[in-house]
Each structure stands twice: as structure tokens, then as C-alpha cells.
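# Descriptive analysis of the structure
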Amino acid sequence: MTDTLAPPAAVTPDPPVPPRRRSRPYRPGQPSLVAKIVRTGLLLLGAVVTLFPFYAMVVLSFKPAGPVTFPDSLLPWPFSTEAYDQVVGAKSVLRWMWNTVIYSVVSVVGVLLFASMAGYAFAKKRFPGKEAMFWSFLAMLMVPYHVTMIPTFIIISELNGVDTYWGMIVPTLANAQAVFLMRQFIASLPDSLFEAARLDGCSEWRVYVSIVLPLIKPIMATLGVFVFLWHWNDFLWPLIVGQSLDMRTLTTGIASLQQENVPLNMLLAGSVVAFVPIFMAYLIGQRYFTEGVSTTGIKG
Amino acid sequence: MVALPAGRGRRPRRPSAREAGTALLFVLPFLLLFIVFRFGPAIAGAVLGFTDYTIGGEAGFVGLDNFRRLVEDSTFWSALRVTVIFTALSVPLSMIASLAMAVLTRRMFRGVKLFRSIFFLPVVTSLVLAGVVFTWVFSEGGPWSQAMGALGLPAGSWLADSVLVIPALVLVSVWSRFGYGMLILLARMQDIPAELEEAALTDGASAWQRFRYVTLPQMRPALFFVAIIETTVSFQAFDTIYVMTGGGPVRSSYTLVYMLYDQGFKYFDLGYASAVGVALFVLTIIVALIQRLTLGREK
Amino acid sequence: MRVQKSLSAIAVALVAALAAGGCGGSDSGGSDKKSVTMWIYPVIADEAKHRAYWDETITAFKAKHPDTEVKVEIFPWANRDQALATAIAGNKGPDVVYLIPDQLPKYARNIEPVDAYLDDAAKSDYHENVIKSVSIDGKMMGAPVLTSSQPLTCNKKVFEAVGQQTYPSSWNDLLAMAPAFKAKGFDITSYPGDIKNTLNLTFYPLLWQAGGDVFSADGKSVAFDGDAGRKALGLVKQLVDGGYTEKSLITTQPPVEQTRLAQNKVGCVWHSPTSELEKFWGKENIKVLPPLTETKSVAYGTVGSLSMLKGAQDKKAAGEWIAFVSGAEQAKKYDLSSNFFSAKKSAGALYTSDPVLGEMEKFVSTTTPGPLHEKARDVQGVLAPEIQAALLGKKSVDQALSDAAKAANQLLG
């Protein structure tokens, strides 16, 4: 899998002076009642189509092993937790969860830090090689994962990073899409702020810390949730780098419980167990990007 | 998106050494990581395409042999065709779905945030999991086949039909990706100055006309960004295909990445696999350039 | 721009040097204590039980070799080739790893023959066919610890429901019984044709039963397109065309419990392990029979063995560990815990009291794991889609086989 992406959320550019005004929400031409009904209908249809597989996943995981028929199996009975007993009962689950938390959280911090720094430079600064660098970031996204997997592993192993947290984390910090998105977001912050700060004699680092960071909170939250979720779900890289049992993550750990032919309910149960914590994180973080950010405006 | 930052009035002066220096310092950590863990391995991967490297063997330089073999390999051309068709179907469909949902969730009415988060959920779901569930959905007795039968369309497992398998996989791909495009387009939509649309409204433009002549042109950069990313992702689709069809029936869902995987990790012929990787990379670049020419003209 | 260019140049040179310079040179141990690392997979279904077995085994081993540390890592079955291959490429592989014959040719360059580490008594204790199935060029590439056999297994309940008193012993029997099964709403057998499945389990047994083989005697060309191959593929085609087997299984692979097999709608199969069948048929309904005969009676059976990687830190210690684990006594324990069969003659019959396993055990010495050819997997990769094409009616049997043979022979050079 390629790095996954987080959506950009651009701030509505305000006129330079005075800057503090909430951008106006989209309001031209209120839709008619008919339009509203059609809209709601379409959205409900979309929601059902989107959610149906999740519903199926959860319901089918709480079934005893056996054939799945439609539509009967989609009803929540017969109910059985046998698939979960096997997964949750594994004594190393806590260890796996801990490893996954470290892998995900530290990666998020690292990605946010480096991507915001680089994004700031690309958005607001001038330096030689900028365009070339930018295009090469984009181009490297187009290299298939399986091709770079082994060379990356070789590099990590030469650096003695196999079976270590940092060996797992560090290669994933080179997240070009995060940089793109930071750049896009920061680019729409008014230059006047930076001018003012520079005139005040702030060092570049202070500008970054005191002006950029607070203002990009929404995109940090969005990107953070996204990067977190991607790391949480990651299977292949932790499998390759985390060789010893102590370093198993939730995904690889649960897979090591499974036989070659995994029954559907157990497969889904394992996935649900891995999914629940991130679903919580998702619920917490999603409000940042679903607000569309333009209603947040720039705060002083 | 690939334009230089759209600041208000670009200053024509060249950067001072000091400014360039501090800028580079900010970029440095990411740049180093990128060079070591992305650029380096990519180059290594490309270099491997010119060798006969196998697992644990030595890498002997063989020049263009792998590429010559690739050109003569009918599996390669079939995989190329499958990849192109798959992408040509899934990217536009995904973008249309993203655009539609962005439009529908544009206004701040009650419950809109809930809808947005629902639509984004598939994007953060593991593709393997999606593959497993959808294998059941498309199976002979599954909901999709039943629904198709009721509508008089071909029932029976679409995944077992060498023509319908691609549309089935496209549907899964669209389901899992449309939320991402939706949020990008949504963010861009909300960036469009309300005055423009209001002006059109007072001029008597209908909702559709406003959309077509004001909104859509304004969204060009975002559309371009989504197009490139979705194409890149589509070209590299693997996990769901692996789980759902194994490349079948009879290779009709066997993509270039699948071939790469088979050559590299089933047959351990990494040199040849890397050659496939290079071909895929070149293909992606070409398509990206085409997209740039047609969609990506910067404002 | 210049800064970036030179940085890239350095990085490229560095990586190129790393990759091309090869993966030679194992880590220098430097410590007094000897250590052995082994990778195994969930052979024993219950993880806790599996873990407990290895803890016990390590303790027993240490009693005999107090200065050797042993670490056993249980890896998932999923993506195991990717994990292992990457580890070997990065010189971070284990010392010992569990491999099946299918994998041996691919890793042949990376593993050591184990003949030197097993004593003669141990080697002669192995069944003939078991030794053959792990040998390349006459050298044993792994020390077998377990075997399986896949003769014919039939569902008593289904046969009763159809009113069929006798069980099939030949291809003709199968075809003769098929219509009666169909009439009552059952399938006589099932053929999983998804490309992900190994042909060793599905098509090759038929090929062997017809007296044919995958490769020619010298291994330089393929032989599956001969008469035997045509007969074998013809049989499956007849089953498919007659509607005697689940059509969707030709191309897709749903989880087992979703198939008609699990719903007790299938008469006999030769590709499903009894551990699976037990769950759905009930042990009392499994009837084990000799493999079908056309010209010969042959079944597939796998062999699980422990191989030593060339990059092993301490080959002597690793060899001692392998010898210990694959020893008659120790391996017997493993076999009993995992419901597999022994690779050794001295173990005798492990499951005399078990009607199902006891029967299957009898066939162990006549099974074959398939050809141990370096390009065996590659050949499967071109043959399986052609088989699908023939079964789906897109090509004739002859056309499919000859197209496959053409492509396969190209691979063989």
C-alpha cells in the first residue's frame, strides 16, 4: 500500500487588513424543499451503501462459524462470540496493542513535525531546488511498494534497526503527501502575518512555533488521525521489520493466531478488534476535518 | 496544487543566502528521510531491473534483458491492459462520486458532518478487510448477486466472470476511495469566495449553471490533485484484488502490480519484478503528465 | 539545486553499494553463548498450546545443550514468503525455518543441506518418499518433522442421502455416480480452481493418477500436456460441464464454510484437510478411502521440515537443534499435538484408535508432494489460468494445455 493521504483543508484567504473576520459560509440561493428532500435521499442512499459493508463485517463476526446466507445472516441472530474469544483471549494482545500504539503515535508526531516544517518552507520560503524537490516527492509516490520494500529493509538492517521500534517507525516518516497537504494549507495563510512577525524581529523558528503551528491545528488534527489510522492498520511492514514475538503489532499478532484457512467470522473478528480503537480515534478526530475548516477562520 | 504558492503578489527578488539557508534547514529533516527511505530505495529498485537478482543471490548486471523479456511477455501486455482499463474506469467514477458527495454535503445543514464522516470511513479501513467483506457481497448467494438478479442484470458471482470482474473490483475501489476525494474537493469548494456565486445568482443563473460555470472552473487545481493521486493509487491496486480474485478468472484481473508481486515474491525473480516496477512507474508518470496538460493548468 | 543533487548522488551511491554489494557477511556473533533462532508457523492451531510445546522443547534441548540459547518465533502463515525472503535479502533471516517442499526449490540457494547434521540412524528411519520429497540433487534440504496425506475423503451423510452404498475408487466410478448425486441436489465433488490454490492439491493428483507427471524426466521441459494431462483435465471438464461440481469455485475462493462442501452438499474431495472437514461434516461422517485410480492410485501429501539457512550464525548449534526437534521421540510429540503424521518409520502408526486419522495415516508412504523443480511454482502460474480457461469453456482442453506448455517451456529456457 502506498502512503495514504489526508485531505487538505484550506483556510479561506482573508483580505490582508484587517484579517480577523469569519469567512462566510456558502449560502447563495437556498435550496427548495424538493431539492432538500432529493439531497437527503441521495445522502441516505450513499450512507447506506457506504456503511453496509461495515454492518456486515460486525454482524458476521458475531456469528458461529458456518455458511453465510443472504439475507438471513445479516440479522444479529444466532449470536456468538466464539470468534472473539479466540482473538481477545490471546495473552499477548496487550503487548500487541502497546506496540501498535507506539508505532502509530510516535509516527504521527514525527510525520506532523517534519511535514509541517517542510510544508512551511515550501509554502512560504524561497530556496534553490524547490521545484525539483517537489516534483521528485510526487514522482516517488508512483513507485510501487513491493519494489522499494526490500531495499528499504536492507537499509534498516544495515543500520541495525530490524526488530526495533525506530526501525519500524523511521521509514514511514518520509510521508510526501503529508508535506503536500501541509504546504497547501500553509500557503493560504496570509503573508502579512509573516511580514509582521519578521519586522518584529522574530527568528524563523519562533515564527514557525508561534505563528504557523497554532494556525495549522485543523490540518494537523486531520493528518494526524489519518496517519494514525494508516499505521494502525499496517500489516506488511511491521511483519517484515518486527521479527520477534515481542514486536508484533495488533495486525500481525492476530494473523499469527490464524490458520491458513481462516473462517470468515474469525477473520472479521480479528479485524473488528483491530478496528475498534482506531474507530474511537476516528470519532474523536473526525470533527476537525468534517467541519471543513472554513468555518473556523483564522484566530488571532 | 503543483503551482508555486499563490501568495498575494509574488516578490521578484531572489532569496538571500540567509533566507535560503534557514529554509533548507526546515526542509532538511524531511529531505534526509526522503532521500534515504524513498528516493534511495526507488533508485535501487530501478537499478535492480537491470540485474538478474534473486533472493539471496548476487545481482549480476544483465542490461536490457529483463526489459526485452517484458516486451515479449504476453502476460505483461495483458496485465498492462487490465491495469489501464481498471484505472480508466475507477478514477472517473471515484471522482464523480467524490464530486457528487462534496456537492451534497457542502452546506452546513444539520447532520452534514455525520454524513461526511460516514463517507470518509471506508478510506481508513484496511483494504484486506474490505476485500474479505466484498468477496462475500459479490459471491453467488451474496447481496449483490441477489440484487442484480432481482433487477434482471447478470446474477451469479461477478467475480467469477472474466468481463464483470473488473467492474466489480472498480466498485470496491470507488467505495473505498471516494471519501478522500470528497473531502479534498469539499475543502476547495469552501474556499471559493462566496461573492462569485452570489454574483452569478443575482445574474439569474440556475444552480446547475452556477456549478458549471463558477464552481467547477474554480476547482480545477483540486480536481487535478485528486485525479493524479487516484490514478497513482489505482495503478498500484493490489490488496483487494489479491484477496478477492487472485488475479483471475484467467488473468482478467491480473494487474501490473500483481505481476510484480508474483515475479518478486512467488517466483523470487526480483530483477524481472523490478523491471515490471519500472514499467509501471513510467506508465504512471506518462499519465500524470497527460493529466497535467489537460487538467492542471495553474490559475 | 547543487546541494540537493550531491546529496542524492551520495544516497544513490550508498544504496547501490548496499544492494549490489550483496548481502554477504553474517553478523559477527562475538558472544560465548551459542544461539539459534527458528521461525515456525501456526502448525498447532491453538496458539497457547503451540507456544507451550516449544517452551517445553527448548527446556528439554537446553538440558542436553546448556550453552545454547534457542528462540522460536511463531509467524503468521499470511505473507510468509514475503517476510522470509525480505529477511534473507537483508541478511536478517532466522537460523532455522519451517518449509514445505513447495518452497524448497525457491530457497535452495539460501539453505544448507542437513545431511551432515543428522545421524545415519535418523536418516534411515525416514520413509523413502519423505526423504525424496525434501531432496534436491540427492541432498536433504530439510529435516522432516511432519507429514500429511490427502487421499479420498467422502461424506457418509451425503452418500446416505443419495442412497449410494459404495464409494468410488476410480475415475469411472466418480463419473458414474455423479448424475445420481446431481439429481438429489448434491455435487459428487468440488474443484477449487482459484489461481491462489496450489495445483499440487487439485489438478496434479489427477495428473499423477493418470500416470503422467508435470515435468519430463530430465526436468528440462514440461510433460503435463501429454495424454495423461488431457485425460485429467478432461475429467474435470466433464464434471464441470455436467454440473456435478460447484461452478463458482473454478475462479473464486470464498472461505471454506461458505462453500457447498461445508454445507454437506458434496460427496467426495481430495483437496481438503480433515481438520477442516471435521468441523463441517462431523468426524463420524468422514470416510477415508484410497486415492482414486485411473492408472495409478496416487495422492498428494505434504512434508513439513526444518531447514537451515546458509546465513545461520552457528551452524553446529543449529544442526543440533534440528536433529533434536526432528528426532523420532520429539517429532512424535509434535505430530500428535498437531494432528499430523510422522515422517519416520519407527513412530509406527500414531492414530490407530482414530478412524479418520488412522486411515489417512496408512497412505503416508505413498504420497508425493509434487515436483521439486526450481520453476515448479512458475509453471503452476501459467498452467492454472489455462485450466480455468478450459473449464470455463473459453478454450478446448487441448488448446489450453498446449498454450500452457508453450509458456511453461519458455520459462524453462
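Now for a quick tour of the structure.

Procedures and definitions
Residues numbered from 1 in each chain as written. Chains lettered and ligands numbered in written order. Predicted model: local features only at pLDDT ≥ 70, side-chain atom pairs only at ≥ 80, totals over all residues. Heavy atoms only, no water. Helix = DSSP H or I, 4+ residues; strand = E, 2+ residues; numbered from the N terminus. Rg over C-alpha atoms; globule rule 2.2 N^0.38 Å. Contact = heavy atoms within 4.5 Å. Areas by Shrake-Rupley, 256 points an atom, 1.4 Å probe, with all protein chains shown as cover. Lys, Arg positive; Asp, Glu negative; His and termini not counted. Charge placed at Lys NZ, Arg CZ, Asp CG, Glu CD. Patch = residues over 30% accessible without salt bridge, like charges linked within 9 Å, V, L, I, M, F, W, Y side chains within 5 Å. Salt bridge = Lys/Arg side-chain N within 4 Å of Asp/Glu carboxyl O. Buried < 20%, exposed > 50% of the residue type's maximum accessible area, 1.4 Å probe, protein only. Core = buried A, V, L, I, M, F, W, Y, C linked by side-chain atoms within 4.5 Å. Pairing = 2+ DSSP bridges. Nonpolar A, V, L, I, M, F, W, Y, C, P; charged D, E, K, R; others polar. Buried area = accessible area lost by both parts, 1.4 Å probe. Polar contact = N/O pair within 3.5 Å; in protein donor to acceptor, adjacent residues only side chain to side chain. Disulfide = S-S within 2.5 Å. Axes fitted to C-alpha atoms, helices over the stretch in contact; angles between N-to-C directions. Parallel < 35°, antiparallel > 145°, perpendicular 65-115°, else oblique. Left-handed = near helix turned anticlockwise from the far one by under 90°.

In terms of regular secondary structure, chain C is built from 17 helices and 14 strands. Taking 413 residues into account, the globule formula puts the C-alpha radius of gyration at 22 Å, and chain C, at 24 Å, falls close to it. Counting only C-alpha atoms and orienting by the principal axes, one finds that chain C spans roughly 70 × 60 × 40 Å. Considering only residue pairs separated by 6 or more positions, chain C has 75% of its internal contacts joining residues 24 or more positions apart. Approximately 15,800 Å² of chain C is accessible, and the part contributed by carbon and sulfur atoms is 52%. Taken together, the 45 basic and 46 acidic charged side chains of chain C have centroids lying 4 Å from each other.

What follows deals with a nonpolar patch on the surface. All names here are of chain A. On the surface, a nonpolar cluster with roughly 460 Å² of combined accessible area is contributed by Val 34, Val 38, Leu 42, Leu 45 and Val 49. Relative to the helices and strands, Val 49 is located in helix H1 (residues 33-61). What makes Val 49 partly exposed here is its relative accessible area of 48%.

A separate point is the nonpolar core. Formed by 252 residues in total, the largest nonpolar core has its most connected members in Tyr98(C) and Trp321(C). Per-element accounting of this core gives the leading share, 16 residues, to helix H7 (residues 165-191) of chain B. Other than its neighbours up to four places away in sequence, Trp321(C) contacts Val36(C), Met38(C), Trp54(C), Thr57(C), Ile58(C), Phe61(C), Val70(C), Val72(C) and Val96(C). Core analysis: the second largest hydrophobic core is formed by 55 residues, Tyr191(C), Ala232(C), Leu233(C) and Trp270(C) among them.

The next thing to look at is the environment of Phe238(B). Within the secondary structure layout, Phe238(B) lies in the loop between helix H10 (220-235) and helix H11 (239-244). Owing to a relative accessible area of 9%, Phe238(B) belongs among the buried residues under this scheme. Residues Phe238(B) and Leu256(B), 18 residues apart in the sequence, show an inter-C-alpha distance of 9.1 Å. Not counting chain neighbours up to four residues away, the residues in contact with Phe238(B) comprise His146(A), Val257(B), Tyr258(B) and Tyr261(B).

Residue and element names in this part refer to chain C. Inspection of the secondary structure puts Thr 153 in strand E8 (residues 152-155). With a relative accessible area of 1%, Thr 153 lands in the buried category. Residues in contact with Thr 153, not counting those within four places in the same chain, are Gly 267, Cys 268, Val 269, Thr 274, Leu 277, Trp 281, Ile 286, Lys 287 and Val 288.

Residues and elements named next belong to chain C. Extensive coverage of strand E7 (residues 143-147) is indicated by the burial of 5 of its 5 residues. Alignment of E7 against strand E13 (residues 303-309), held across 4 bridges, turns out to be antiparallel. By the bridge assignment, Ala 143 is partnered in E13 with Leu 306.

The partner chain B presents 31 residues to the 34 residues of chain C that form the contact. Here chain C is connected to chain B by 0 salt bridges. Put simply, the parts of the chain that give the side of chain C that touches chain B at least two residues each are helix H1 (2-20), helix H3 (80-89), helix H4 (104-107) and helix H16 (376-391) of chain C. Looking at the side of chain C that touches chain B, the element that brings in the most residues is H16(C), giving 7 residues. Class assignment of the residues belonging to the side of chain C that touches chain B gives a composition of 16 nonpolar, 10 polar and 8 charged.

Between chain A and chain B, the residue contacts involve 110 residues of the former and 96 residues of the latter. Buried area between chain A and chain B, summed over both chains or domains, comes out near 9,500 Å², and the portion from carbon and sulfur atoms is 74%. There are 5 residue pairs in polar contact (both at pLDDT 80 or more) connecting chain A and chain B. For the side of chain A that touches chain B, the leading source of residues is H1(A), giving 15 residues.

Here we come to the state of the cysteines. Residue and element names in this part refer to chain C. If you walk through the whole model with that rule in mind, you get 1 disulfide over all chains. The disulfide bridge from Cys 154 ends at Cys 268, spanning 2.0 Å between sulfur atoms. Residues Cys 154 and Cys 268 share a disulfide whose torsion about the S-S bond is about 105°; that sign makes it right-handed. One end of the pair, Cys 154, is in strand E8; the other, Cys 268, is in strand E10 (residues 266-269), and 114 residues separate them in sequence.

All names here are of chain B. One non-glycine residue, Arg 251, adopts positive backbone phi at about 70°. In this structure, Phe 268 takes a positive phi of about 60° despite not being glycine. Tracing the backbone through its elements, the reader meets Phe 268 in the loop between helix H12 (256-266) and helix H13 (270-295). On the accessibility criterion, Phe 268 (2% relative accessible area) is buried.

Another aspect to go through is the sheet that holds strand E11 (residues 286-289) of chain C. Remark on secondary structure: sheet strands pair via backbone hydrogen bonds, oriented parallel or antiparallel. Residues and elements named next belong to chain C. The 4 strands are arranged E9-E10-E8-E11 in an open sheet whose pairing can be described as mixed. Only two strands of the sheet have a single partner each, and these edge strands are strand E9 (187-189) and E11. Along the sheet, successive strands turn relative to each other by an average axial angle of 15°, direction set aside. Where E9 meets E10, 2 bridges bridge the pair, whose relative direction is parallel. Its bridge partner being in E10, Asp 187 is matched across the sheet by Val 266. Contacting E9 and E10, helix H8 (residues 171-183) runs over the sheet at an angle of about 155° to E9.

Turning our attention to H3(C). All names here are of chain C. A large share of H3 lies buried, amounting to 10 of its 10 residues. If you check which residues of H3 are buried, you get Arg 80, Asp 81, Gln 82, Ala 83, Leu 84, Ala 85, Thr 86, Ala 87, Ile 88 and Ala 89. Two residues or fewer after H3 comes Asn 91, characterised by a positive phi angle close to 60°.

Okay, the packing of helix H11 (residues 227-241) of chain C against helix H17 (residues 397-412) of chain C next. Axis angle and axis distance: for two packed helices, these are the angle between their axes and the distance between the axes, and together they describe the pair. All names here are of chain C. Running from amino to carboxyl end, H11 crosses H17 at an angle of 130°, the nearest separation of the two axes being 10 Å. In terms of orientation, H11 lies oblique with respect to H17. Read as a crossing pair, H11 and H17 show a hand that is right-handed. Contacts from Gly 229, Arg 230, Leu 233, Gly 234 and Lys 237 of H11 reach H17 at Val 397, Asp 398 and Leu 401. When the residues that make up the contact of H11 with H17 are grouped by side-chain class, the tally is 3 nonpolar, 2 polar and 3 charged.

Such coordinate-based values are descriptive only and should not be taken to indicate function.
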